[in-house]
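# Close look at the chain arrangement
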Amino acid sequence: MIYLDHNAASPLLPAARAAWLEAVDAFPGNPSSPHRLGARADTALEQARQRLASHLGCSPFDLVWTSGATESCTTVLRHVAEHRPAATVCVSAIEHPAVIDCARAAFPGRVTLIPVDHSGSVDLPWLQSHLSLQRPALVAVMAANNETGVLQPWADVQRLAATHGVPYFCDATQWCGRLPSAGLGACDFVAGSAHKFGGPRGVGFLKVPRAGKLQPLLRGGSQQDGRRAGTENVAGVLALLAALDWCEAQLASGGAARRLAARSRFETELLGAVAGLSVNAPAADRLWNTVSVLMPAVADCRQRWVVKLDKAGFAVSTGSACASGSAEPSPVLTAMGLSADAAGRALRFSAGWLTTDAEWAALRAAVVRIHAEWEPADRRLS
Ligand code: PLP
């Protein structure tokens, strides 16, 4: 099977697997225990915190280990709701449900959506004029979109929010491990998740502001300075760091440019070979690994393409993995101005660091072949 669904979950990188296997044997103790095995596990966590802090550009004290991005996002929104219960929050229209649904639950009727332009990038002038009139309790704009891969101007949003004294939350789940994490530490809150960049499932992080006490989402023990109760997942954290270190080394040696060239070649050749197919946000800066396309109009298009490609040996998706069972059109694509019908024809191909040029070429050939084989009855609809 050729795997092109890394935005849903990226398989464990060899470096992360080795780190995890080593850590489960090397650190059997509970980091909170008073004996030497506990202290050794605690030291390993502290060192991991320092390594993550140096990637993000923040203090190790600002970092909390979590079970993944959903927990990190929920913690931020519940924390802000606890401190400013009657306030509004400003959330981009293309946030992941982990942010947008949680914001709606924590701030019922008080969520203002920040619009995006046709290329799927957040409307900065709109945000600027909004913040000059109102002071929401939080601005939330993700770093890179999970469906389209479009990069958001998070550094500009960070400066803008700071100028207006509004806390800024950046969900960097799809950015970390694909583009340099440097600078993200300037955001007040940052969420990340290991399984999106080749670490294990069920472990992630949250960067929080130095000042003020974080309202814990999980209560119980006093782990992590009372900011997140529960025994830390030491092996998971060490494997997260091994994966991130490996990805950052790829980035430092220019690995992203070669992958971007492979993705661009795939897009150009696919556009030339399949009439009626279009790429979403073709001119926007996007993650090097993500291609979001609208397939030619065919009845029940999205699921049929996924099934046909699956039978041909390719794992791809229709968009957000958590929305794949939903009949609703993608809110991300409709926010970009696409009709519900067009959004219903979206397919997402998302590669990993180890995806080869030959695998992109094989996917293109499979899409072209399936399109050519499509039954005449269906093709009349296109
Ligand atoms: N935020 C974004 C942008 C995502 O893409 C995802 C998962 O797809 C999440 C949050 C939730 O991540 P997790 O599965 O680690 O809870």
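Every value quoted in this text rests on a predicted model; they were computed, and no experiment measured them. (Residues numbered from 1 in each chain as written. Predicted model: local features only at pLDDT ≥ 70, side-chain atom pairs only at ≥ 80, totals over all residues. Heavy atoms only, no water.)

### What to know about the site of the ligand
Close to the ligand lie Gly 68, Ala 69, Thr 70, His 96, Met 142, Asn 146, Asp 171, Thr 173, Gln 174, Ser 193, His 195 and Lys 196. Here Thr 173 contributes a side-chain N or O atom positioned 3.5 Å from a nitrogen atom of the ligand. Take Gln 174: an N or O atom from its side chain is 2.8 Å from an oxygen atom of the ligand. Protein contact buries 86% of the 400 Å² of open area that the ligand shows by itself. (Near = heavy atom within 4 Å. Polar contact = N/O pair within 3.5 Å; in protein donor to acceptor, adjacent residues only side chain to side chain. Areas by Shrake-Rupley, 256 points an atom, 1.4 Å probe, with all protein chains shown as cover.)

### Looking at the environment of Val 279
In this structure, Val 279 sits in strand β9 (residues 278-279). Here the alpha-carbon distance between Val 279 and Ser 350, two residues 71 residues apart in the chain, equals 13 Å. (Helix = DSSP H or I, 4+ residues; strand = E, 2+ residues; numbered from the N terminus.)

### Let's talk about the nonpolar core
Ranked by internal contacts, the top residues of the largest apolar core, which has 56 residues, are Val 139, Tyr 168, Trp 175 and Leu 184. Among the secondary structure elements, those contributing two or more residues to this core are α1 (14-26), α2 (36-56), β2 (63-66), α5 (124-133), α6 (154-163), β6 (168-171) and α8 (234-252). For this core, the leading source of residues is α8, giving 11 residues. Each of domain 1 (2-8 + 254-381) and domain 2 (14-250) gives at least three residues to this core. Not counting the four nearest positions on each side in its chain, Trp 175 is found in contact with Ala 143, Ala 144, Leu 151, Trp 154, Pro 180, Ser 181 and Leu 184. (Core = buried A, V, L, I, M, F, W, Y, C linked by side-chain atoms within 4.5 Å. Buried < 20%, exposed > 50% of the residue type's maximum accessible area, 1.4 Å probe, protein only. Domains from an automatic or database assignment. Contact = heavy atoms within 4.5 Å.)

### Some remarks on the packing of helix α9 (residues 255-273) against helix α13 (residues 357-373)
Taken N-terminus to C-terminus, the directions of α9 and α13 make an angle of 15°; their axes are 10 Å apart at the nearest point. The orientation of α9 relative to α13 falls into the category roughly parallel. For the pair α9 and α13, the sense of crossing is right-handed. On the side of α9, the interface is formed by Ala 262, Arg 263, Arg 265, Phe 266, Glu 269, Leu 270 and Ala 273, while α13 contributes Asp 357, Trp 360, Leu 363, Arg 364, Val 367 and Val 368. For the contact of α9 with α13, the class distribution of residues is eight nonpolar, no polar and five charged. (Axes fitted to C-alpha atoms, helices over the stretch in contact; angles between N-to-C directions. Parallel < 35°, antiparallel > 145°, perpendicular 65-115°, else oblique. Left-handed = near helix turned anticlockwise from the far one by under 90°. Nonpolar A, V, L, I, M, F, W, Y, C, P; charged D, E, K, R; others polar.)

### Comments concerning the side chain of Asn 289
Here Asn 289 lies in the loop between β9 and β10 (290-294). Engagement of the side chain of Asn 289 in a polar contact is seen with the side chain of Thr 290, the distance being 2.5 Å.

### Describing the state of the cysteines
Structurally, a disulfide amounts to a covalent bond that connects the sulfur atoms of two cysteines. Under the definition given, this model contains zero disulfides. Free cysteine: Cys 58, not disulfide-bonded; nearest cysteine sulfur from Cys 187 at 10 Å. Between Cys 73, a cysteine without a disulfide, and Cys 102, which holds the nearest cysteine sulfur, the sulfur-to-sulfur distance is 7.7 Å. In this structure Cys 73 comes out as buried when scored by relative accessible area, which is 0%. (Disulfide = S-S within 2.5 Å.)

### Focus: the pattern of salt bridges
Enumeration according to the criterion identifies 12 salt bridges in this entry. The shortest N-O distance in the salt bridge between Arg 49 and Glu 46 comes to 2.6 Å. In this pair, Arg 49 and Glu 46 are both assigned in helix α2, three residues apart and thus about one turn of the helix distant. Overall, the relative accessible area of 7% leaves Arg 49 in the buried class. (Salt bridge = Lys/Arg side-chain N within 4 Å of Asp/Glu carboxyl O.)

Bear in mind that shape data such as this cannot, by itself, settle questions of function.
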